[in-house]
Each structure stands twice: as structure tokens, then as C-alpha cells.
Amino acid sequence: MATLRTTLRGTLTAAAAAAALTAALTAVATGSAHATGWPPLHDGGYLYSGTAGTGTVTAVDLSDLGTCHPLATPARSVQVVSGSASVLLYPGTDCTGAHPWATGSLAQSDLPAASRSYRVVPA
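Residues numbered from 1 in each chain as written. Predicted model: local features only at pLDDT ≥ 70, side-chain atom pairs only at ≥ 80, totals over all residues. Heavy atoms only, no water.

Formally, a disulfide is one covalent bond, and it connects the sulfur atom of one cysteine to the sulfur atom of another. According to the stated counting rule, one finds one disulfide in the structure shown. Disulfide partner of C68: C95, at an S-S distance of 2.1 Å. An S-S torsion of about 105° defines the bridge between C68 and C95 as right-handed. On the criterion of sequence distance, the pair formed by C68 in strand 3 (residues 68–81) and C95 in the loop between strand 4 (85–90) and strand 5 (101–102) is long-range, its members being 27 residues apart. (Disulfide = S-S within 2.5 Å. Helix = DSSP H or I, 4+ residues; strand = E, 2+ residues; numbered from the N terminus.)

Structure representation (C-alpha cells):
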């Protein structure tokens, strides 16, 4: 009887974990992992002049690795969906500043400070 209870408990735990994972993946796929005002996630990299994916949009060429790009309008939020690239965001122009902020290859976040330049790097 103990084996049946243990097996049933394990099966229920696995089902609950699978349901939670499915809900989390659905939230990320629909762009609702963060605030509801974010644009939906889609392939590519995007910098926004406002928080939560608002304001002027700058598309990031994720295939242009290593090149420093100045921004005409400072970025306050970022969204990246890529399997192979991430973005380093710098507070100064010409990719300067003591502490660049890195996105990772799947990101949707407000930046800790305005960024005035960026560089694409391998994830």
C-alpha cells in the first residue's frame, strides 16, 4: 500500500510541476512574464527609450557581433529573444562605462540606468 501511495504522490507531483512549467512557458511566449504592458516576445533584439517596452524602439542586429553602436535616444528597457546572442548595454557613448549590463539570450527587462550604446556578444 505504501508503494501505491508513493507512486501516486510522485505522479501527482510530476503533473503539478508539468502544469506549472506549461503556465510559465505560456506566460513567456505571450510576453506576459513581466508587466502586462510589455510588447509580445518575438525573435530579435529591441531597445526601448521608456520602461516596460515603451517609447521609441531601436532594433538590434543580433548577427553584428562585437560592433559598438551608439544610441540616438538612450535605452531604458530591452527585449532579446535569441538562441545565440546577448546584448551588452553601456551607460556611456562608444561602449564606455565601468559596468555594462548584459541581457542573456532571452530577456525582457527594464535597465538599471539609461544606456547610450550597446554591443552584441555571443550568448
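If you look at soluble globular proteins, the nonpolar side chains tend to sit buried side by side. With 14 residues, the main nonpolar core has L47, V60, L62, V87, L89 and Y118 as its most contacted residues. At the level of elements, strand 3, strand 4 and strand 6 (106–122) are the ones that each hand at least two residues to this core. (Core = buried A, V, L, I, M, F, W, Y, C linked by side-chain atoms within 4.5 Å. Buried < 20%, exposed > 50% of the residue type's maximum accessible area, 1.4 Å probe, protein only.)

Limitation: the analysis is restricted to geometry and does not speak to function.
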